[in-house]
Amino acid sequence: MKALFRSNVLVVLLGVSSVGFAAQPSLAQRGAPPDQPAVTVRGQTYTPRSILARNMGTEEDQTTAFPPHKVIGNVYYVGTKTLSSFLITTPEGHILINSTYERNVRTIEQSVAQLGFKFGDIRILLGTHAHNDHQEGDALTKELTGAQVVVMREDVPALEAMKPGGKTHPIDRVLRDGDHVTLGGTTLVAHLTAGHTRGCTTWTMTTQEGGKIFNVVFACSYRAPANVTPEIENEFNRTFKLLHSLPCDVPLGDHPAQYNMVAKYARLGAGALNPFIDPANCWLEAEIQEVMFRAQLEMQRKSTRP
Ligand SMILES: [Zn+2]
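About the criteria used
Residues numbered from 1 in each chain as written. Predicted model: local features only at pLDDT ≥ 70, side-chain atom pairs only at ≥ 80, totals over all residues. Helix = DSSP H or I, 4+ residues; strand = E, 2+ residues; numbered from the N terminus. Buried ≥ 20, exposed ≤ 12 C-beta atoms within 10 Å, placed from the backbone. Contact = placed C-beta atoms within 7 Å. Core = buried A, V, L, I, M, F, W, Y, C linked by C-beta atoms within 7 Å. Expected span 1.5 Å × (residues − 1). Arc of directions from axis to C-beta. Pairing = 2+ DSSP bridges. Axes fitted to C-alpha atoms, helices over the stretch in contact; angles between N-to-C directions. Parallel < 35°, antiparallel > 145°, perpendicular 65-115°, else oblique. Left-handed = near helix turned anticlockwise from the far one by under 90°. Nonpolar A, V, L, I, M, F, W, Y, C, P; charged D, E, K, R; others polar.

(A) Structural detail: the overall build of the chain. Of the regular secondary structure elements, the chain holds 11 helices and 14 strands. With 306 residues in all, the chain has 39% of them scored as buried. Pairs at least 24 apart in sequence give 64% of the contacts found in the chain among residues at least 6 apart.

(B) Geometry of the nonpolar core. Of all hydrophobic cores here, the largest spans 53 residues; its most connected members are Phe86, Val216, Phe218 and Leu252. The greatest single-element share of this core, amounting to 5 residues, is contributed by strand 13 (residues 212-219).

(C) Spatial organisation of helix 9 (residues 230-243). Taking 1.5 Å of rise per residue, the 14 residues of helix 9 would be expected to cover 20 Å, and the 20 Å separating its terminal C-alpha atoms lies within 8% of that figure. Inspection of helix 9 places Glu235, Phe236, Thr239 and Leu243 among the buried residues, and these make up the whole buried set. On an axial view of helix 9, the arc spanned by its buried residues comes to 95°, and they lie on one face. Turned more than 90 degrees off the buried face of helix 9, the exposed positions are Pro230, Asn234 and Lys241. Residues of helix 9 that are buried make contact with helix 11 (284-304).

(D) Structural detail: the pairing of strand 5 (residues 86-90). Of all 5 residues that make up strand 5, 4 are buried, and the element is covered over most of its length. In this structure, strand 4 (residues 75-77) lies alongside strand 5, joined through 3 bridges in antiparallel fashion. Within strand 5, the position partnered with Tyr77 by the bridge is Phe86. Note: strand 5 against strand 6 (residues 93-97), 5 bridges, orientation antiparallel. Residue pairing in the sheet places Thr90 in a bridge with Gly93 of strand 6. What sits between the antiparallel neighbours strand 5 and strand 6 is a turn of 2 residues.

(E) The packing of helix 9 against helix 11, seen in detail. One way to put it is that helix 9 packs onto helix 11 with a least axis distance of 11 Å and a crossing angle of 150°. On the basis of their axis angle, the class for helix 9 and helix 11 is roughly antiparallel. Handedness of the helix 9/helix 11 crossing: left-handed. On helix 11, the residues touching Glu233, Phe236, Phe240 and Leu243 of helix 9 are Ala286, Glu290, Phe293 and Leu297. Considering only residue class, the contact of helix 9 with helix 11 consists of 6 nonpolar, no polar and 2 charged.

(F) Quick peek at unusual backbone geometry. Cis geometry marks the peptide bond from Gln36 to Pro37, where omega comes out at 0°. Among the structural elements, Pro37 can be located in the loop between helix 2 (25-30) and strand 1 (39-41). Backbone geometry at Asn98 places phi at a positive 75°, although glycine is not the residue there. Along the polypeptide, Asn98 turns up in the loop between strand 6 and helix 5 (105-114). The backbone of Asn260 shows a phi angle near 60°, a positive value even though the residue is not glycine. Within the element layout of this structure, Asn260 appears in the loop between strand 14 (250-253) and helix 10 (261-266). Residue classification places Asn260 among the partly exposed residues on the basis of 17 C-beta atoms within 10 Å.

Okay, here's the thing in structure tokens:
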């Protein structure tokens, strides 16, 4: 009797915990990061787990189109609810930043069409970093558009290992830190901002709106991995220092939550000012990630101290 009772309790507990995981499939899939350290930046508290949940949302959020919209000048949002894709239009064809998951490519294609542009006019495909949720769709996008795939040198090994359905990852041009990509009068500058991946790239460009010129920053993810090696520590130290030297009026990121897209989108058209022009918050995401990175390092050092 007693043994039976115990096993029933166990089944109930297992049942509860599996329901908990089912509610957060993205976390269960990737293996949830730890819920510590907790850091507070500008009144908001974050843990590694809460940041990943904020970035990824649910499985459905990752694959459902967010209403495509103009961000500023010739920059448009064509991604899903939690995975950014940006279309930069020019008279000589377009540039796409981040194909995201392969299963999202057709959704991005539809968002591009909804804005009145042709997916087939994409001439150049860029990425922020070699993780599947940002660049897995590169091969299919190239297949559909013939675009030139341009990547940062340090991310080449990770991209070559990314083979959805066995497809070879296309690489047509390899960049070094500071290299330029130009099409139809628009120039993007590739800044190596390593740490999250070896070749994590922050892209900058200028665009015009209302007769003024604005600096747009397409930020990479600056989230540190659970275990920070001395190599990664050096990369992040350089990255966080470099970021603050970039000119910025319009902060964007490879996950919409990094630049508060939903709230800004809701304010579109409500006033004279474009809500995406937000210099005061240009480095807020980098600040959150740097504070978390320092706290993680401190925790790591304490745990290895004799
Ligand atoms: Zn990533």
